[in-house]
Amino acid sequence: MSSAPWYLNAERPSLKHQRKWKSDPNYTKSWYDRGAKIFQAEKYRKGACENCGAMTHDAKSCMERPRKKGAKWTNMHIAPDEKIETFELDYDGKRDRWNGYDASTYARVIERYEARLMKRRLMRANRWTLLRLRSVFVPLAEGAREL
Ligand SMILES: [Zn+2]
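Residues numbered from 1 in each chain as written. Predicted model: local features only at pLDDT ≥ 70, side-chain atom pairs only at ≥ 80, totals over all residues.

The condition that has to hold: UniProt positions are given in the numbering used here, feature names are shortened, and annotations may be inferred rather than shown by experiment.
Under an unreviewed UniProt entry, the name given to the protein is Pre-mRNA-splicing factor SLU7, and the organism recorded is Gossypium trilobum. Among the UniProt annotations of the protein, the heading Subcellular location (unreviewed entry) holds the following wording: "Nucleus".

## Considerations on the overall build of the protein
Put simply, the test is: Strands are runs of DSSP state E lasting at least 2 residues, helices are runs of H or I lasting at least 4, and numbering of each runs from the N terminus. Each residue gets a C-beta atom placed from its backbone, and two residues are in contact if those atoms lie within 7 Å.
Along the backbone of the protein there are 3 helices and 0 strands. Traced from its N-terminal end to its C-terminal end, the protein shows the element sequence α-α-α. Across the protein, every contact between residues at least 6 apart in sequence was considered, and the portion connecting residues at least 24 apart equals 59%.

## What about the confidence of the model for the protein?
Formally: Across the chain, each position has a pLDDT score giving the predictor's confidence in that residue, from 0 to 100.
Residue-level pLDDT values for the protein average 82, and 86% of them are 70 or greater. The element-level mean pLDDT for the protein is lowest in helix α2 (residues 91-95), coming to 83, with helix α1 (residues 71-74) highest at 91.

## Details of the nonpolar core
Going by this rule: Each nonpolar core comprises buried Ala, Val, Leu, Ile, Met, Phe, Trp, Tyr and Cys residues, the members being joined through C-beta atoms within 7 Å. Every C-beta atom is placed from the backbone, and the number of other C-beta atoms within 10 Å of a residue's own sets its class: buried at 20 or more, exposed at 12 or fewer, partly exposed in between.
By size, the foremost hydrophobic cluster in this structure holds 7 residues: Ala-48, Cys-49, Cys-52, Ala-54, Ala-71, Ile-78 and Ala-79. Look past the residues within four positions of Ile-78 in its chain and what remains in contact with it is Ala-41, Glu-42, Lys-43, Tyr-44, Gly-53 and Ala-71.

## Comments concerning unusual backbone geometry
A positive phi angle, near 60°, is found at Asn-75, a position not held by glycine. Relative to the helices and strands, Asn-75 is located in the loop between α1 and α2. Residue class for Asn-75 comes out exposed when judged on the 12 C-beta atoms lying within 10 Å of it. Unusually for a residue other than glycine, His-77 sits at a positive phi of about 50°. The residue His-77 is located in the loop between α1 and α2 in this model.

## Details of the environment of Gln-40
With respect to the helices, strands and loops of the structure, Gln-40 is situated in the segment before α1. Overall, Gln-40 belongs to the exposed group, with 10 C-beta atoms counted inside 10 Å. Taking the C-alpha atoms as reference points, Gln-40 and Gly-53, 13 residues apart in sequence, are found 9.8 Å from one another.

Next comes the structure, spelled out in structure tokens:
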């Protein structure tokens, strides 16, 4: 701005330098490859998790149920190594609660609700037909008893 309005005080120092106004060119909105495995070991490796045998964490931070005898001692059911990724996310990216959300999975939610709705409609229809049938047959049966 060559001719800034008088109220901007363009000559005086501003706080512009504190703002990150340039966006990173190689910024991606990628997200974690959830549940991805890298390597499946056949036997226990030294330094791996004593509980499950994965190399990527220790027994203290293991997400698996604590085994009665860990993989270190049994050498059985060694868990595969997890894929560990790190991202350079910006302020908004770190707080984006919908990052990594696959919108196509919402079709499953809709499917479930529609199934419930159809079931409810069927129940209502059945109740109505039952009531109608009873209003026809119960008086007939009572009439038959009187005879
Ligand atoms: Zn583990």
